[in-house]
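# Examining the three-dimensional arrangement
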Amino acid sequence: PAHALMGRQHHEDVPFAYWTIDLPPEVFAQQAARAASLGYRAYKFKCRPWWDPIEQVAAASEAVPDDFRFWLDFNGHLRNSDQAIPILKELEKFDSVGGVESPIPQRDVDGYKRIRAEFKKPIAIHYGSGCCHVRSDPTYDPGTSAETQIINNMSEGFVLGGDVDATIGIDRVCQEHKKVFWIQHVGTTLRAAFVTHLACVCQQSKLSHLSAHDLWEEDLLVEPLAPVNARMKVPEGPGLGVEPDEGQLDKLVSQPPREAVRKISTVVYPSGDRWNFSNEQQRHEAFYFGEVPGFETGIKLEVLEDDGSEEFARLFEQCKDAPVKTD
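What comes next concerns the included structure.

Criteria and thresholds
- Residues numbered from 1 in each chain as written.
- Predicted model: local features only at pLDDT ≥ 70, side-chain atom pairs only at ≥ 80, totals over all residues.
- Heavy atoms only, no water.
- Core = buried A, V, L, I, M, F, W, Y, C linked by side-chain atoms within 4.5 Å.
- Buried < 20%, exposed > 50% of the residue type's maximum accessible area, 1.4 Å probe, protein only.
- Helix = DSSP H or I, 4+ residues; strand = E, 2+ residues; numbered from the N terminus.
- Contact = heavy atoms within 4.5 Å.
- Salt bridge = Lys/Arg side-chain N within 4 Å of Asp/Glu carboxyl O.
- Axes fitted to C-alpha atoms, helices over the stretch in contact; angles between N-to-C directions.
- Parallel < 35°, antiparallel > 145°, perpendicular 65-115°, else oblique.
- Left-handed = near helix turned anticlockwise from the far one by under 90°.
- Nonpolar A, V, L, I, M, F, W, Y, C, P; charged D, E, K, R; others polar.
- Phe/Tyr/Trp six-rings, centres within 6.5 Å; stacked < 30°, edge-to-face > 60°.
- Lys NZ or Arg CZ within 6 Å of the ring centre and 35° of its normal.
- Pairing = 2+ DSSP bridges.

## Points about the nonpolar core
Formed by 59 residues in total, the largest nonpolar core has its most connected members in Tyr 43, Phe 70, Leu 72, Phe 74, Leu 78, Leu 88 and Ile 115. For this core, the leading source of residues is helix α8 (residues 189-200), giving 6 residues. Other than its neighbours up to four places away in sequence, Leu 88 contacts Phe 74, Leu 78, Val 100, Pro 103, Ile 115 and Phe 119.

## Focus on the pattern of salt bridges
Two side chains carrying opposite charge are able to pair once their charged atoms lie near each other. Under the criterion given, the structure shown has 16 salt bridges. Residues Lys 89 and Glu 92 are paired through a salt bridge, measuring 3.2 Å at the closest nitrogen-oxygen approach. By relative accessible area, Lys 89 is classed as partly exposed at 30%. The closest approach of N and O atoms between Glu 118 and Arg 114, which form a salt bridge, is 3.8 Å. Of this pair, Glu 118 and Arg 114 both sit in helix α5 (residues 109-118), 4 residues apart, which is roughly one turn of the helix. Overall, Glu 118 belongs to the partly exposed group, its relative accessible area being 32%. What you see here is one network of salt bridges that share partners, running through Lys 44, Lys 46, Asp 73 and Glu 101.

## So, the packing of helix α3 (residues 53-61) against helix α4 (residues 81-91)
The geometry of α3 relative to α4 is characterised by a closest axis approach of 10 Å and an angle of 15° between their N-to-C directions. On the basis of the axis angle, α3 is roughly parallel to α4. α4 is crossed by α3, and the crossing has right-handed handedness. Between α3, through Pro 53, Ile 54 and Val 57, and α4, the contact on the second element is made entirely by Ile 87, Glu 90 and Leu 91. Its residues assigned to classes, the contact of α3 with α4 shows 5 nonpolar, no polar and 1 charged.

## What to know about the packing of aromatic side chains
Counted under the stated rule, the structure contains 16 aromatic pairs. Site record: aromatic cluster; members linked through ring pairs are Tyr 18, Phe 28, Tyr 40, Tyr 43, Phe 45, Phe 68 and Phe 70. One Lys or Arg, Arg 107, reaches over the ring of Tyr 140 and ends 4.9 Å from the middle of that ring. A cation over an aromatic ring shows up here: Arg 262 above the ring of Phe 316, its NZ or CZ 4.6 Å from the ring centre.

## Looking at the sheet that holds strand β12 (residues 300-305)
Strand order across the open sheet formed by 4 strands is β12-β10-β11-β13, with antiparallel pairing between neighbours. Single-partner strands in this sheet number two, and they are β12 and β13 (324-326). On average, each strand axis in the sheet is tilted by 25° relative to the strand beside it, whichever way the strands run. Pairing of strand β10 (residues 263-268) with strand β11 (residues 274-277) involves 4 bridges; the strand directions are antiparallel. Among the inter-strand pairings, Ser 265 is bridged to a residue of β11, identified as Phe 277. On top of the sheet, helix α10 (residues 280-288) reaches β10, β11 and β12; it is set at about 135° to β11, its chief contact.

Structure (structure tokens):
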């Protein structure tokens, strides 16, 4: 088995989580119910400022068993502790919220210390790095070193995504400092199998790992991987211990690439204001930089694909360089 080449096995099975990007409250609830039906008891969910997280969690909580937990990943979108704490305190009231990931930019050590003093649920952050989706300004969130993160007790645990040697080395650091972590490598069920092997040779890999493999319509394995009682059994066969579906692989490889479709995403406020964006990165940065307000009650996102109309083309051109406000 692959894990025999990585180190000594500590776990025969490992906790595993479901994953999706941000969704409307009703769709989040549908996905949460699906996750529970597949055997998951943890769901890592992207919280974004163009939705109300209180409304999202309230809807999803109604769709899952009492022992189901959501980990809410903000990728720094709460911006600072002043904005973060009131929202986190409201989320803290839900038993279904297991913890949060990277609520504010990871460069903000004092902000994390303040949040940790007031928010009673666990926090996870990316080990020794930043966490934000800002590309235009590399100085926005360069993060901070793992040493600084640990000395200042910025979190209970970490998010890891490195290779085998790096992960095992971090496991030793976490063991010494009594920190836990999860491993996330997004991909197919082949990637999920790899994650189980790597997690089983780490002693501090106690949080729910993920590969987001359940998002795909079709599986790549003859026998799909699925958690049992929220845990994924580590395959024991040679290599990854799973059998790829060669016919399915051939079918997928032979398909032509999909053509990119132009889209306009529109953030709609209860006031009726509408902010229009030509791409996702532009939308992320508008909220990170505080150009538009986020996480408001009743806020929502609408997405319009290119319908060939003059109206779409005109608005798309208008917001190519900067977001455009309409009503």
